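# Summary of the model geometry
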Amino acid sequence: MTQLPRLPGDSGGCRDTPILKQRGQREVFCGLTGIIWLHRKMQDAFFLVVGSRTCAHLLQSAAGVMIFAEPRFGTAILEETDLAGLADAQDELDREVDRLLARRTDIKQLFLVGSCPSEVIKLDLQRAAERLTERYAPSVRVLNYSGSGIETTFTQGEDACLASMVPVLPATEARELMLVGALPDVVEEQAVSLLVQMGIGPVRVLPAPRRDTELAVGQNTVFALTQPFLGDTHAALERRGARHIPAPFPFGEEGTTAWLRAIADEFGVPDAVFESVTAAPRARARRAVAQAAEALRGKSVFFFPDSQLEIPLARFLTRECGMDAIEVGAPFIHKGIVGPDLDMMSRGPVFSEGQDVDLQLDRCRAARPDLTVCGLGLANPLEAEGLATKWAIELVFTPVHFYEQAGDLAGLFSRPIRRRDALRLEAAE
Ligand code: SF4
């Protein structure tokens, strides 16, 4: 019979470990980044950033190296006259949207994405979205959310986008499972296939590839998150009556098994069925992780807060790869979401929420971890000081969920350590 992964014996897990909270200067990307992966998932959507040339450059440079498709995003540039309040930015926005929708009849969902400049001048994008929805309904639905870097970290862009869709989802009384989070298609197909093989269904996914799918929500909807950064979406779904299935996140063999087990229990899947569906991919994942984790055993890791994946990844690295976590920093710690991952971790690491980057850098330098997981802005200086680093943003752009990617996930962490060891050898010769 398949058991839930064992919990740490006497140590009792980390859910009640005191959390170090600091507020100071932060080093994070803004939420516009999410457009890069969201526009690929939603094939009839367009993301119109209402921002500055800086926002346009950020998107172009991020997208330029990561996508090769016709863009389904753009920037309505706020000029100096808008920023100085000399022009009516709402009128200009309407004209921009009119031009866009006349040219691109394939667009069925239009997201007006707020930025730092639009928030600074208090441009009311909600009002704009309502006005434009009236004008273009029913063929185009216009929604708005903020991708600004003023208060956010980069994964909050996806959360804000998905949360903006929840209030306009149709209502349903059907008992359905909703998977929530934008995953690469191949990974999403693997997850849905495992669930369907267990007899679980219908399985819906938010975000859906197109607006006109059967995605709906109601009191009989149960939902499982595939990403730990979806706090606002979680709250929005609960407001629509849906119920969350708490579970560790599907990273690594254990995390994937525990995530599937929680859903299987909700749907009354017999143990024998669960076992027969998961046995082979579990064994493959275990073998792949064991191989990739050789370079990680006994090594220490330090997380700066960035992607909000930090706690589930620390659980994976400590339990399945034999690493020691020194500090696990996360921008936000939502125990209703990451509590099951905290339960599975042995006590020892410091958990920190928010950031005062200078103080945190002092702690990191004092600890000299074997691997530091951090944002792009910190990685190069730390590498120059001889620390091996992993860019947190890569973990969001790379397929890392579920059984078939478990070995690749461990490999993402072992590569920088192997590279640093090779450089040291070269230097010693
Ligand atoms: S939203 Fe803010 S942080 Fe992001 S690119 Fe625009 S100005 Fe920069």
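Because the structure is a prediction, the values reported are computed rather than measured.

The next subject is the sheet that holds strand E9 (residues 243-244). What the four strands build is an open sheet, ordered E7-E6-E8-E9; its pairing is parallel. In this open sheet, the two strands that pair with only one neighbour each are strand E7 (203-206) and E9. Sheet analysis places strand E6 (residues 176-180) next to E7, joined by four bridges and oriented parallel. Paired with Leu179 across the bridge in E7 is Val205. Helix H8 (residues 185-197) rests against E6 and E7 of the sheet, and its axis sits at about 155 degrees to E7.

This paragraph deals with the site of the ligand. Neighbouring the ligand are the residues Cys30, Leu32, Gly51, Ser52, Thr54, Cys55, Leu58, Ser115, Cys116, Gly147, Ser148 and Gly149. Residues of the shell around the ligand, tallied by class, amount to five nonpolar, seven polar and no charged.

Grouped together as the largest cluster of nonpolar side chains are 124 residues, with contacts concentrated most on Phe47, Leu48, Val50, Phe111, Leu112, Val113 and Leu317. What Phe111 contacts, discounting residues up to four positions off in sequence, is Ala45, Phe47, Leu48, Leu143, Asn144, Tyr145 and Cys161.

Another point: the domain arrangement of the protein. Entries for the protein in the domain assignment read domain 1 (19-26 + 289-428), domain 2 (31-152) and domain 3 (176-276). The straight-line distance from the C-alpha centre of domain 1 to that of domain 3 is 26 Å. In this assembly, 28 residues from domain 1 lie in contact with 23 residues from domain 3. The element contributing the most residues to the side of domain 1 that touches domain 3 is helix H13 (residues 335-344), with seven residues. Split by residue class, the side of domain 1 that touches domain 3 holds 17 nonpolar, six polar and five charged.

It is worth spelling out the environment of Thr256 at this point. Of note, Thr256 is situated in helix H10 (residues 252-266). Spatially, the C-alpha atoms of Thr256 and Phe402 are 5.3 Å apart, while their sequence positions differ by 146 residues. Not counting residues up to four positions away in its chain, the partners in contact with Thr256 are Pro250, Ala285, Phe402, Tyr403 and Ala406.

Right, let's talk about H13 for a bit. Within H13 the residues assigned to the buried category are Ile337, Val338, Pro340, Asp341, Leu342 and Met344. Elements that come into contact with the buried residues of H13 comprise strand E8 (221-225), helix H9 (231-239) and helix H12 (310-319).

What counts as what
Residues numbered from 1 in each chain as written. Predicted model: local features only at pLDDT ≥ 70, side-chain atom pairs only at ≥ 80, totals over all residues. Pairing = 2+ DSSP bridges. Helix = DSSP H or I, 4+ residues; strand = E, 2+ residues; numbered from the N terminus. Contact = placed C-beta atoms within 7 Å. Axes fitted to C-alpha atoms, helices over the stretch in contact; angles between N-to-C directions. Near = placed C-beta within 6 Å. Nonpolar A, V, L, I, M, F, W, Y, C, P; charged D, E, K, R; others polar. Core = buried A, V, L, I, M, F, W, Y, C linked by C-beta atoms within 7 Å. Buried ≥ 20, exposed ≤ 12 C-beta atoms within 10 Å, placed from the backbone. Domains from an automatic or database assignment.

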